[in-house]
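The chain contents come next:
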Amino acid sequence: MGSIRRTSGNSRTLFNDVLANPQLQALVEQSAQALGLDVVEIERSTHGLLRVFVDRVDESSFVTVEDCERLSRQLSQTFFVENVDYERLEVSSPGLDRPLKKLADYVRFAGQEATVKLRVAVAGQRVFSGIVVAPESQEDGAEPRIGLQVEGARGISLLRFKLDEVERARLVPKIDFKRKAR
C-alpha cells in the first residue's frame, strides 16, 4: 500500500465530500487511468485520511505494491497543484471481497459469487448471495438490469435489479490454499 503524508497548513479545503465533489473523483480517475488502473472506490475518513482503492485494467494481473506507490506519488503531486486538502493518502487494492460499484464491474465479474444488499426488500429479504449474471441491455433504452442467480428452497432463481437499487455489493472471497503439483 502506498502512503504519503501531507500537512495542509492553512490551505483551503477544495473538496469536503468525495461523492458531492465529482472533481476529486475525476482527478483520481484521470491519474489512475494514465497508469493502467481503474478506480474502484474513494473514501474520506476522519483526521484527513483519503483512501483510494484501485484495480488493474488489465485483468490478467493483480494490483502490485509498485502500482500503489506510483499512483500515490502521482496523486500527491496532482493534489498539491490542485490544492486538495488532506493529511494522509492511502492507495491500495480493493481486496478479495472487492466491491461492485459500476455496471462494468458486474460485466467483468459475471460468473463469480457475490453478496448484494438491496435498498428495498424483495419478498421480505434485502441481502442475497449468488452468482453474478452480466447486465442485460434494455430495448427501450432503460437502465440495464443486473442479474444474480440465487439458490433457495425452490431451486435456483434469477433476481434482476438496477444498479441504483443496490445499497452494497461485494465479491465473495475465494481462497485456494492447495498448491498445484508439478
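Caption draft 1: Seen up close, the pairing of strand β4 (residues 88-92). With four of its five residues buried, β4 lies for the most part within the structure. Between the parallel pair strand β3 (residues 49-56) and β4, the chain is carried across by helix α2 (residues 65-82), and the sense of this crossover is right-handed.

Caption draft 2: Here's a closer look at the side chain of Arg56. Structurally, Arg56 can be placed in strand β3. Arg56 gets classed as buried once you look at its relative accessible area, which sits at 16%. In this structure the side chain of Arg56 is engaged in a polar contact, spanning 3.2 Å, whose partner is the side chain of Asp67. Discounting chain neighbours no more than four positions away, the residues touching Arg56 are Leu35, Gly36, Leu37, Ser61, Phe62, Val63, Asp67 and Arg108.

Caption draft 3: Expanded view of α2. With 18 residues, α2 should cover 26 Å at 1.5 Å per step; its first-to-last C-alpha distance of 25 Å lies within 8% of that length. Of the residues making up α2, those classed as buried are Asp67, Cys68, Leu71, Ser72, Leu75, Ser76, Thr78 and Phe79.

Caption draft 4: Structural view of the pattern of salt bridges. Summed over the entire model, instances satisfying the criterion amount to 16 salt bridges. Among the salt bridges present, the one from Glu167 reaches Lys117, with a minimum N-O distance of 3.5 Å. A residue pair is termed long-range when its members are at least 10 positions apart, and Glu167 in strand β9 (residues 166-171) and Lys117 in strand β5 (residues 113-122) qualify at 50 residues. A salt bridge links Glu136 to Arg160, with the shortest nitrogen-to-oxygen separation between them at 3.2 Å. With Glu136 in strand β6 (residues 125-136) and Arg160 in strand β8 (residues 155-162), this residue pair connects regions lying 24 residues apart in the sequence. A single salt-bridge network, built from bridges that share partners, covers Asp38, Asp55, Arg98, Lys102, Asp105 and Arg108.

Caption draft 5: Focus on a nonpolar patch on the surface. Where nonpolar side chains cluster on the molecular surface, the patch consists of Leu96, Ile175 and Phe177 and spans about 390 Å² of accessible area. Residue position: Ile175 is located in the segment after β9. With a relative accessible area of 51%, Ile175 lands in the exposed category.

Caption draft 6: Summary view of the pairing of strand β2 (residues 37-44). One ladder, built from seven bridges, connects β2 with β3; its direction is antiparallel. Within β3, the position partnered with Asp38 by the bridge is Asp55. Hairpin remark: β2 followed by β3, antiparallel, with four residues in the connecting loop; positive phi at His47, about 60 degrees.

Caption draft 7: Examining the packing of helix α1 (residues 22-34) against α2 more closely. Axis separation between α1 and α2 bottoms out at 10 Å; the angle between their running directions is 140 degrees. One finds that α1 runs oblique with respect to α2. In this structure, the crossing between α1 and α2 has a hand that is right-handed. Across from Leu24, Leu27, Val28, Ser31 and Ala32 in α1, the residues of α2 making contact are Leu71, Gln74, Leu75, Thr78, Phe79 and Glu82. For the contact of α1 with α2, a count of residues per class yields seven nonpolar, three polar and one charged.

Caption draft 8: Local environment of the confidence of the model for the chain. When pLDDT is averaged along the chain, the result is 85; 87% of the residues meet or exceed 70. Scored below 50 in pLDDT, residues 1-17 shows 51 contacts in the model against residues more than four places distant or in partner chains.

Caption draft 9: Structural context of the packing of aromatic side chains. Going through the model one piece at a time under the given rule, you end up with two aromatic pairs. Aromatic side chains Phe79 and Tyr86 sit 5.5 Å apart centroid to centroid with 70 degrees between the ring planes, which places their arrangement in the edge-to-face category. Ring geometry for Tyr106 versus Phe161: centroids 6.5 Å apart, planes at 75 degrees, classification edge-to-face. Of this pair, Tyr106 sits in helix α3 (residues 103-108) while Phe161 is found in strand β8, placing the two residues 55 residues apart along the sequence. According to the relative accessible area criterion, Tyr106 is buried, its value standing at 1%.

Each value, and the rule that gives it
Residues numbered from 1 in each chain as written. Predicted model: local features only at pLDDT ≥ 70, side-chain atom pairs only at ≥ 80, totals over all residues. Heavy atoms only, no water. Buried < 20%, exposed > 50% of the residue type's maximum accessible area, 1.4 Å probe, protein only. Helix = DSSP H or I, 4+ residues; strand = E, 2+ residues; numbered from the N terminus. Right-handed = clockwise from strand over helix to strand, strands pointing away. Polar contact = N/O pair within 3.5 Å; in protein donor to acceptor, adjacent residues only side chain to side chain. Contact = heavy atoms within 4.5 Å. Expected span 1.5 Å × (residues − 1). Salt bridge = Lys/Arg side-chain N within 4 Å of Asp/Glu carboxyl O. Patch = residues over 30% accessible without salt bridge, like charges linked within 9 Å, V, L, I, M, F, W, Y side chains within 5 Å. Areas by Shrake-Rupley, 256 points an atom, 1.4 Å probe, with all protein chains shown as cover. Pairing = 2+ DSSP bridges. Axes fitted to C-alpha atoms, helices over the stretch in contact; angles between N-to-C directions. Parallel < 35°, antiparallel > 145°, perpendicular 65-115°, else oblique. Left-handed = near helix turned anticlockwise from the far one by under 90°. Nonpolar A, V, L, I, M, F, W, Y, C, P; charged D, E, K, R; others polar. pLDDT = per-residue confidence, 0-100. Phe/Tyr/Trp six-rings, centres within 6.5 Å; stacked < 30°, edge-to-face > 60°.

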